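Remarks on the overall topology
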Amino acid sequence: MKLLIALDALLREGSVSAAAASMGMQVSAMSRMLAQLREFYGDPLLERTGQGMRPTPFAEALRLEVRGLANDAELLLARTPDSASALPWGSHHGPGSNSARAFSQPQNQNQAQNQTQPQATPLAPGSSALDRLAGEPSPQMIAERMAMIGQASAPSQRLAKYIAGIAAGPGRTRPLTQEEGRDALGIVLRGEADPFQTGALLATMQFRGLTAVELAGFAEAVQLHAADGGAAETGESVETAMADLNWPAYFSPRLRTVPWFLHAARLVALAGHRVLIHGFGSNVASGRLLLQAAQDGAIPVADSLEDARQALAQEGIAYLPVTAYCPQLAGLLALYPAFEMRTPVNTAVHVLNPGGAPASMLGAAQTSDRELFRTAAALTGCLDAAVTGANRDFAQVTPDRPTPVFRLTGGEEARFTLPSTPASRMPIPAALTQQEYWLAVWTGAARDDLAEAVIVKTAALALMTLRRAPEAEFSACLEDAATLWRNRPRQLRPAGSDAASVRKP
């Protein structure tokens, strides 16, 4: 029982030290209890990230049940012989309830996420009537009021409930479930939210930090909204695998790097795999850069999902701007100047999979984000992925320094590091622009050992991901990528010359 009370404190406070303080014990004692809980459940429960300790999906599944059990314990301890009424076991908790079954071994993470949760569990520790101001509702009263808002309620009411849950303050907040995240962003994308609600949702979640479960829910909301309207309303996925490899590339406006990964994607397409790249549109400076690079590199630029499907069938590769895929999402991404910071939608775009590809190439600079993206990708149904640690905006290997890679292979998690290899960095000739030099490397008009190593190693990692090859076979994938590079067609056909699916941005 004491371990579950400790788990409740850990999930509420989000740190070992704060949980220890809330229970009046030493930090070392709380650390030992966390270690015992981890050993018992066989799950980390809390993982250290750049924004503090983040609960695992299994811990999130236990959160409300553990909170309910802790609340029952607090009510029991508050009872006196003079109490006028008995503890209401039958209403929410008690013997045989969900909270009483919280201390049980998990069978698997996915099953734990789908467990039925109590509908009216207090989100904060209970307090006595003496501790509350006159007329102040108890946590139980608040939870019961929130529980009255269900899927049949108005969209703005449901969104208000979600905001109340994530913004209630220390000890009262909880993350959204995957279904709640999908519903919340879906309400915003359909224009059913008050603008103040949209700002509150995005700012609060960004401040607190996204969970992988919330990120997956947001990604599903975008994909359902961008698909057929009727299916989006019923929550049924209409996504079909029109691509083999998903490659998001949402450049920061401040990024001034050369998009060598586009050449790597072309090599993968030459190997017979359909590659769908997606990123910003012409309404953003970095989007215009990528659109121009796609055109110069003979990569079709689609103006709809159907155009992308045709381009992939004809050319094996396509670039899909978010403005063509989901204009409402593009509008939310354009809110950056209003906040002067990224919001959760800026993170969610990195795990979008518009083409329903079974494999993804993702980029994340921070270790916590690599874990976040990999877990979110798995939750959205992607079984094969490589998350590189060289850049936060797209997947690209840096051969002159070690590149950490977080993998999903058939749904199994793994991680390894690509070793660095010496390569000469060539300065861009003064007579050429960055874009011209990028194109000259493909055509052979310019030689750059480092750039070629970036292209070949990135393509090799993509091939390794598509083939579900073990780490030991990276060398074979590297040889195949090098052969594709040597045999590439040097002359590029202008984008849109004979493909109906190609559009100018």
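Everything below is about the structure shown above.
1. Considering the nonpolar core
Residues Leu 159, Leu 185, Leu 201 and Leu 329 are the most contacted members of the largest nonpolar core, which totals 61 residues. If one sorts the elements of this core by residue count, helix α10 (residues 212–226) sits on top with nine residues. Listed in part, the 56 residues of the second largest apolar core include Ala 249, Val 268, Ala 440 and Leu 492.

2. Side note on the sheet that holds strand β8 (residues 403–409)
With mixed pairing, seven strands are arranged side by side in an open sheet as β5-β4-β3-β6-β7-β8-β9. Each of the sheet's edge strands pairs with one partner strand only, and the pair in question is β5 (317–321) and β9 (412–418). For this sheet, the mean angle separating the axes of adjacent strands, direction not counted, is 20°. With two bridges joining them, strand β3 (residues 245–249) and strand β6 (residues 359–363) adopt parallel strand pairing. Each bridged residue has a counterpart across the sheet, and for Leu 245 the counterpart in β6 is Ala 359. Sheet strands in contact with helix α12 (residues 261–270) are β3, β4 (275–279) and β5, and its direction is about 155° off that of β4. Together, β6, β7 (384–388), β8 and β9 form the strand contacts of helix α19 (residues 367–379), whose direction differs from that of β8 by roughly 15°.

3. Remarks on helix α8 (residues 178–189)
Between its first and last C-alpha, α8 extends 16 Å over 12 residues, near the 16 Å set by a 1.5 Å rise per residue. Counting buried residues in α8 gives 10 out of 12 residues, a clear majority hidden from the surface. Within the span of α8, buried status applies to Gln 178, Glu 180, Gly 181, Asp 183, Ala 184, Leu 185, Gly 186, Ile 187, Val 188 and Leu 189. Of the residues one or two after α8, Gly 191 is the one with positive phi, at around 75°.

4. Side note on the pattern of salt bridges
Tallied over the entire structure, the rule returns 13 salt bridges. In this structure, the salt-bridge partner of Glu 220 is Arg 182, at a minimum N-O distance of 2.8 Å. Taken as a pair, Glu 220 in helix α10 and Arg 182 in helix α8 lie far apart in primary sequence, 38 residues in all. Exposure remark for Glu 220: the relative accessible area of 17% places this residue in the buried category. Residue Arg 182 is classed as partly exposed on the basis of its relative accessible area, which comes to 25%. Three or more residues joined by partner-sharing salt bridges are found here, namely Glu 371, Arg 374 and Glu 413.

5. Looking at empty space enclosed by the protein
Using the criterion set out here, one finds two cavities of 30 Å³ or more in the structure. Of the pockets and cavities examined, the second largest cavity occupies roughly 40 Å³. Considering the residues around the second largest cavity, the lining is formed by Asn 246, His 350, Val 351, Asn 353, Ser 360, Leu 362, Ala 377, Thr 380 and Cys 382. Residues of the lining of the second largest cavity, tallied by class, amount to four nonpolar, five polar and no charged.

6. What to know about the packing of aromatic side chains
Evaluation of the coordinates by the stated rule reveals nine aromatic pairs. Taking the centre distance of 5.3 Å and the plane angle of 85° together, the rings of Phe 40 and Tyr 41 count as edge-to-face. By relative accessible area, which is 30% here, Phe 40 ends up partly exposed. Centre to centre, the rings of Phe 251 and Phe 261 are 6.1 Å apart; their planes meet at 50°, and the pair counts as tilted. You can see Phe 251 sitting in the loop between β3 and α12 and its partner Phe 261 sitting in helix α12, a full 10 residues away along the chain. Exposure class is identical for Phe 251 and Phe 261. Each is buried. Following the ring pairs from residue to residue traces out a cluster consisting of Trp 247, Phe 251, Phe 261 and Phe 394.

7. Focus on α19
Between the first and last C-alpha of α19 there are 19 Å, a value that for 13 residues agrees with the 18 Å anticipated at 1.5 Å per step. Taken as a whole, α19 has its buried residues at Ser 368, Arg 370, Leu 372, Phe 373, Arg 374, Thr 375, Ala 376, Ala 377 and Leu 379.

8. Some thoughts on the environment of Ile 317
Locating Ile 317 in the fold gives a position in strand β5. Assessed through its relative accessible area of 3%, Ile 317 is described here as buried. The spatial distance from the C-alpha of Ile 317 to the C-alpha of Ala 269 is 6.0 Å, given a sequence separation of 48 residues. Beyond its immediate stretch of four places on either side in the chain, Ile 317 contacts Ala 265, Arg 266, Ala 269, Val 275, Ile 277, Ile 299, Pro 300, Ala 311 and Leu 312.

9. Details of the pairing of β9
As defined by bridge partners, β8 adjoins β9 across seven bridges and the pair is classed as antiparallel. Within the sheet, the bridge partner assigned to Pro 404 lies in β9 and is Thr 417.

10. Some remarks on the side chain of Arg 158
Within the secondary structure, Arg 158 is located in helix α7 (residues 155–166). For Arg 158, a relative accessible area of 9% translates into the label buried. For Arg 158, the side chain forms a polar contact with the main-chain oxygen of Ser 153, separated by 2.8 Å. Excluding anything up to four places from it in sequence, Arg 158 contacts Ile 149, Gly 150, Gln 151, Ser 153, Asp 183, Ile 187 and Arg 190.

11. Some points on the packing of helix α21 (residues 449–467) against helix α22 (residues 474–486)
Relative orientation and spacing of two packed helices are given, respectively, by the angle between their axes and the distance between those axes. Running from N to C, α21 and α22 cross one another at 125°; their axes reach a closest spacing of 8 Å. Accordingly, the angle class assigned to the pair α21 and α22 is oblique. When the axes of α21 and α22 are compared, the crossing they make is right-handed. Contact with α21, carried on its side by Glu 452, Ile 455, Val 456, Lys 457, Ala 459, Ala 460, Leu 461, Leu 463, Met 464 and Arg 467, involves Phe 474, Cys 477, Leu 478, Asp 480, Ala 481, Ala 482, Leu 484 and Trp 485 of α22 and no other residues of that element. Residues of the contact of α21 with α22, tallied by class, amount to 14 nonpolar, no polar and four charged.

Cut-offs applied
Residues numbered from 1 in each chain as written. Predicted model: local features only at pLDDT ≥ 70, side-chain atom pairs only at ≥ 80, totals over all residues. Heavy atoms only, no water. Core = buried A, V, L, I, M, F, W, Y, C linked by side-chain atoms within 4.5 Å. Buried < 20%, exposed > 50% of the residue type's maximum accessible area, 1.4 Å probe, protein only. Helix = DSSP H or I, 4+ residues; strand = E, 2+ residues; numbered from the N terminus. Pairing = 2+ DSSP bridges. Axes fitted to C-alpha atoms, helices over the stretch in contact; angles between N-to-C directions. Contact = heavy atoms within 4.5 Å. Expected span 1.5 Å × (residues − 1). Salt bridge = Lys/Arg side-chain N within 4 Å of Asp/Glu carboxyl O. 1 Å grid on protein atoms, 1.4 Å probe; cavity = no way out; pocket = protein on both sides within 12 Å on 5 of 7 lines; lining within 4 Å. Points joined across faces, edges and corners; volume = space filled by probe spheres on them. Nonpolar A, V, L, I, M, F, W, Y, C, P; charged D, E, K, R; others polar. Phe/Tyr/Trp six-rings, centres within 6.5 Å; stacked < 30°, edge-to-face > 60°. Polar contact = N/O pair within 3.5 Å; in protein donor to acceptor, adjacent residues only side chain to side chain. Parallel < 35°, antiparallel > 145°, perpendicular 65-115°, else oblique. Left-handed = near helix turned anticlockwise from the far one by under 90°.

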